Amino acid sequence: MRLFLPLFLFLAAPAQAFLFGGASDKKAGAGLEKMRAAFEAGACSSALDLSTTFLNEKPPAAMREEAYGYMGSCYESAGATDKAINLYKLALGLYPENLFFASRLALIYNQAGFPENAVPLFLKVLSIKSDDTNANLGLARAYAALGFLSRAKDFYSRAVILQDFRDQAALREYALCMLRKRDWREVLFIAGAGAKAAPLSSFWPQVEARVRAGQGDYHKALPAIEGAILLEPSRRLRLERALYLLMGGLPRRAIEAADAELALDGKDALASVVKGMALYSLGKKAEAQPYFAAARGGGQFTAKIAGSFLDGNLKAAEDACKK
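The structure displayed is predicted, hence computed values, not measured ones.

Conventions we followed
- Once a new chain begins, its residue numbering starts again from 1 and follows that chain's sequence as written.
- Owing to the predicted nature of the model, reporting of local features is limited to residues with pLDDT of at least 70; listing and counting of side-chain atom pairs is limited to 80 or more, with chain, interface and lining totals taken over all residues.
- Values reported for side chains reflect all heavy atoms of the structure, with hydrogen atoms and water molecules removed beforehand.
- As a rule, the C-alpha atoms of each element are fitted with a line to give its axis, helices using only the stretch in contact, and angles between N-to-C directions run from 0 to 180 degrees.
- Put simply, DSSP marks the helices as runs of H or I at least four residues long and the strands as runs of E at least two long, and each gets a number from the N terminus on.
- Put simply, angles under 35 degrees are roughly parallel, angles over 145 are roughly antiparallel, angles from 65 to 115 are roughly perpendicular, and the rest are oblique.
- Each helix crossing is assigned a hand: it is left-handed if the near helix lies turned anticlockwise from the far helix by less than a right angle, otherwise right-handed if that turn is clockwise.
- The contact rule is simple, with two residues in contact once any of their heavy atoms fall within 4.5 Å.
- Between rings of Phe, Tyr and Trp, where Trp is taken as its six-membered ring, a pair exists when centres lie within 6.5 Å; planes separated by under 30 degrees are stacked, by over 60 edge-to-face, and by other angles tilted.
- Criterion for a disulfide: a pair of cysteine sulfur atoms at a distance within 2.5 Å.
- Using a 1.4 Å probe on the protein chains alone, a residue whose accessible area is under 20% of its type maximum counts as buried, one over 50% counts as exposed, and one in between counts as partly exposed.
- Salt bridges are defined as contacts in which a side-chain nitrogen from Lys or Arg sits within 4 Å of a carboxyl oxygen from Asp or Glu.
- Every residue gets a pLDDT, meaning the predictor's confidence in that residue, from 0 to 100.
- A helix's residues, less one, multiplied by 1.5 Å, set its expected span.
- Joining through side-chain atoms within 4.5 Å is the link that ties buried Ala, Val, Leu, Ile, Met, Phe, Trp, Tyr and Cys residues into a set, and such a set is a nonpolar core.
- Working convention for charge: Lys and Arg count positive, Asp and Glu count negative, and His plus the chain ends are omitted.
- Pairing of N or O atoms within 3.5 Å defines a polar contact, subject to two protein rules: one partner must be a possible hydrogen donor and the other a possible acceptor, and residues neighboring in sequence count only if both atoms are side-chain atoms.
- Amino acids outside the nonpolar list (Ala, Val, Leu, Ile, Met, Phe, Trp, Tyr, Cys, Pro) and the charged list (Asp, Glu, Lys, Arg) are all regarded as polar, and Gly is one of them.

Participant: Even after reading the chapter, I still don't get the packing of helix 5 (residues 99-111) against helix 6 (residues 115-128), so can you show me in this structure?
Facilitator: Packed helices, taken two at a time, are described by the angle between their axes plus the distance between the axes. One can describe the packing of helix 5 onto helix 6 by two numbers: an axis separation of 8 Å at closest approach and a directional angle of 150 degrees. Here helix 6 runs roughly antiparallel to helix 5, going by the angle between their axes. In terms of crossing hand, the pair formed by helix 5 and helix 6 is left-handed. Counted together, Leu 99, Ala 102, Ser 103, Leu 105, Ala 106, Leu 107, Tyr 109 and Asn 110 of helix 5 and Pro 115, Asn 117, Ala 118, Leu 121, Phe 122, Lys 124, Val 125 and Ile 128 of helix 6 form the full contact between these two elements.

Here you go:
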């Protein structure tokens with residue numbers, strides 16, 4: 001059984017190890033050595049050119065296995081995704097226990113937006129090597145993309161534990177997935193681990209704020225989002241704070257926050273919709289209308305809320321804000 005290694009599971013054996021049999025095998029071995037040298041030098045075009053002559057020698061299976069690894073990787077680096085997929089599918093059919101081929105094919109499927117094709121391949125890898133970090137993370141991503149959030153949780157959890165909570169990107173993905181799942185306890189646990197590893201990141205107090213908002217506790221969300229703003233004084237975070245002020249029943253403070261952003265950019269759609277909603281909640285419906293009209297031309301989120309207010313569908317607007 002061959003196991004996945006960081007580069008190729010078959011690079012340990014030099015080409016000379018294959019120099020058995022007749023002259024054709026010897027030529028193939030020499031050709032494989034040239035392919036390996038080109039690949040290690042980063043000359044993928046040369047490696048692919050050499051592959052044609054190499055394969056014409058009808059080399060032994062072990063030599064072809066190594067060569068397919070170089071060829072697949074070179075197709076990937078060249079952006080020839082279709083060729084890489086076809087090559088890995090062929091190689092996997094010939095060498096079903098080669099986890100490199102299964103892993104690479106699964107990763108390509110994930111990146112190409114075909115998580116349903118990636119799932120069985122990642123499961124195959126994990127059935128042989130359960131502690132493969134990349135396969136656990138890849139399977140978590142595939143399940144998340146398919147909407148199977150409980151399954152995604154299992155594999156994100158394994159992946160971050162295997163990484164000893166050091167990979168901030170994986171922790172962020174995990175947190176966002178659990179926000180979608182509304183698994184508040186798990187999100188707070190991840191946020192604690194993430195903040196411990198990266199105390200200067202604004203992402204983690206922002207995540208905590210979203211948990212509190214998701215629980216309907218906007219008064220607890222406010223100090224968390226303010227902590228994020230201290231670390232990153234961005235418009236995006238300031239406007240999120242304005243939304244929490246509004247949803248927390250503090251419309252006048254929300255108006256102040258929105259006005260501060262509109263002073264910087266009078267066409268800011270989100271600031272306009274926040275101010276419009278705050279004015280509306282104070283009973284100032286006529287004053288709110290121009291702000292909703294200005295916001296209607298913004299992004300999908302602001303346009304939906306503004307349109308709901310202009311059309312009188314207040315329940316839809318409220319639901320959009322809570323999301």
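Structure shown, so let's carry the discussion forward.
Participant: Teacher, can you tell me more about the packing of aromatic side chains here?
Facilitator: Two aromatic rings, taken as a pair, are described by how far apart their centres are and by the angle between their planes. Following the criterion strictly, the structure yields 13 aromatic pairs and no others. On the numbers, 6.2 Å between centres and 40 degrees between planes, the contact of Tyr 88 with Phe 101 is tilted. Residue Tyr 88 is found in helix 4 (residues 81-94), and its partner Phe 101 is found in helix 5; the two are separated by 13 residues along the sequence. The interplanar angle of 70 degrees and the centroid separation of 5.9 Å between the aromatic rings of Phe 100 and Phe 101 together place this pair among those described as edge-to-face.

Participant: Looking at this structure, I do not really get the state of the cysteines. What am I missing?
Facilitator: Note on terminology: disulfide describes a covalent bond linking the sulfur atoms of two cysteines. Scanning the entire structure with this criterion turns up one disulfide. Two residues share a disulfide in this structure: Cys 44 and Cys 74, whose sulfurs sit 2.2 Å from each other. Handedness here is read from the sign of the S-S torsion; for Cys 44 and Cys 74, about -80 degrees, the answer is left-handed. With Cys 44 in helix 2 (residues 44-56) and Cys 74 in helix 3 (residues 61-77), the pair connects residues that are 30 residues apart, well separated along the chain. Take Cys 44 and Cys 74: they sit in the same class, and that class is buried.

Participant: Would you mind going over the pattern of salt bridges with me for this structure?
Facilitator: Should their charged atoms come close, side chains of opposite charge can pair. For the structure on display, the rule yields 14 salt bridges. Ionic pairing is found between Glu 240 and Arg 210, a salt bridge with its closest N-O pair at 3.0 Å. A residue pair is termed long-range when its members are at least 10 positions apart, and Glu 240 in helix 13 (residues 235-247) and Arg 210 in helix 11 (residues 203-214) qualify at 30 residues. Through salt bridges with shared partners, a single ionic network connects Lys 153, Lys 181 and Asp 183.

Participant: Looking at this structure, I do not really get the confidence of the model for the chain. What am I missing?
Facilitator: If pLDDT is low for a region, its predicted coordinates should not be looked at in detail. Scored by pLDDT, the chain comes out at a mean of 88, with 85% of its residues at no less than 70. Every residue in residues 313-317 is under pLDDT 50, and counting partners more than four places away or in other chains gives eight contacts.

Participant: Any chance you could explain helix 12 (residues 218-231) here in plain terms?
Facilitator: Turn by turn, an α-helix covers 3.6 residues, leaving residues three or four places apart pointing in a common direction. Look at helix 12: 20 Å from first C-alpha to last across 14 residues, which is about the 20 Å you get at 1.5 Å a residue. Within helix 12 the residues assigned to the buried category are Tyr 218, Ala 221, Leu 222, Ala 224, Ile 225, Ala 228 and Ile 229.

Participant: Mind showing me how you'd approach the nonpolar core here?
Facilitator: In summary, soluble globular proteins display a tendency toward joint burial of nonpolar side chains. Residues Tyr 88, Phe 101, Tyr 156 and Trp 204 are the most contacted members of the largest nonpolar core, which totals 66 residues. Among the elements that line this core, the one with the most residues is helix 5, at nine residues. Apart from the residues lying within four places of it in its own chain, the contact partners of Tyr 156 are Leu 137, Ala 140, Arg 141, Ala 144, Ala 170, Glu 173, Tyr 174 and Cys 177. Core analysis: the second largest hydrophobic core is formed by 32 residues, Ala 228, Ala 257, Met 277 and Leu 279 among them.

Participant: Sorry if this is basic, but what is going on with the environment of Lys 27 here?
Facilitator: Counting through the fold element by element, Lys 27 comes out in helix 1 (residues 23-40). Between the C-alpha atoms of Lys 27 and Pro 59, which are 32 residues apart in sequence, the distance is 8.7 Å.

Participant: Quick question: what am I supposed to make of the side chain of Asp 132 here?
Facilitator: Inspection of the secondary structure assignment puts Asp 132 in the loop between helix 6 and helix 7 (133-146). Look at Asp 132: it is buried, it has no salt bridge, and the nearest opposite charge is Lys 129 at 4.5 Å. Only 2.9 Å separates the side chain of Asp 132 from the backbone nitrogen of Ala 135, close enough to count as a polar contact.

Participant: It is not clear to me how the packing of helix 4 against helix 5 should be interpreted in this structure. Could you clarify?
Facilitator: Across the interface, helix 4 lies against helix 5 with an axial gap of 9 Å and an inter-helix angle of 145 degrees. Relative to helix 5, helix 4 is oriented so that their crossing is left-handed. Every residue of helix 5 that contacts helix 4 at Thr 81, Ala 84, Ile 85, Tyr 88, Lys 89, Ala 91 and Leu 92 is listed here: Phe 100, Phe 101, Ala 102, Arg 104, Leu 105, Ile 108 and Tyr 109. Of the residues belonging to the contact of helix 4 with helix 5, the class tally is 11 nonpolar, one polar and two charged.

Participant: Whenever I open this one, the side chain of Glu 65 confuses me. Can you help?
Facilitator: Among the structural elements, Glu 65 can be located in helix 3. Overall, the relative accessible area of 3% leaves Glu 65 in the buried class. At 2.8 Å, the side chain of Glu 65 and the side chain of Asn 98 are in polar contact.

Participant: In this structure, what is going on with unusual backbone geometry? I would like to understand it.
Facilitator: Even without a glycine there, the phi angle at Lys 58 is positive, about 50 degrees. In this structure, Lys 58 sits in the loop between helix 2 and helix 3. Unlike most non-glycine residues, Asp 164 shows phi in positive territory, near 55 degrees. Tracing the sequence through the fold places Asp 164 in the loop between helix 8 (149-162) and helix 9 (168-181).

Participant: What's the story with helix 13 in this structure? I'm lost.
Facilitator: Counted at 1.5 Å a residue, the expected span for helix 13 with its 13 residues is 18 Å, and the 18 Å between its end C-alpha atoms agrees. Leu 237, Leu 239, Glu 240, Ala 242, Leu 243, Tyr 244, Leu 245 and Leu 246 are the residues of helix 13 that are buried. Downstream of helix 13 by one or two residues, Gly 249 has phi in the positive range, about 85 degrees.

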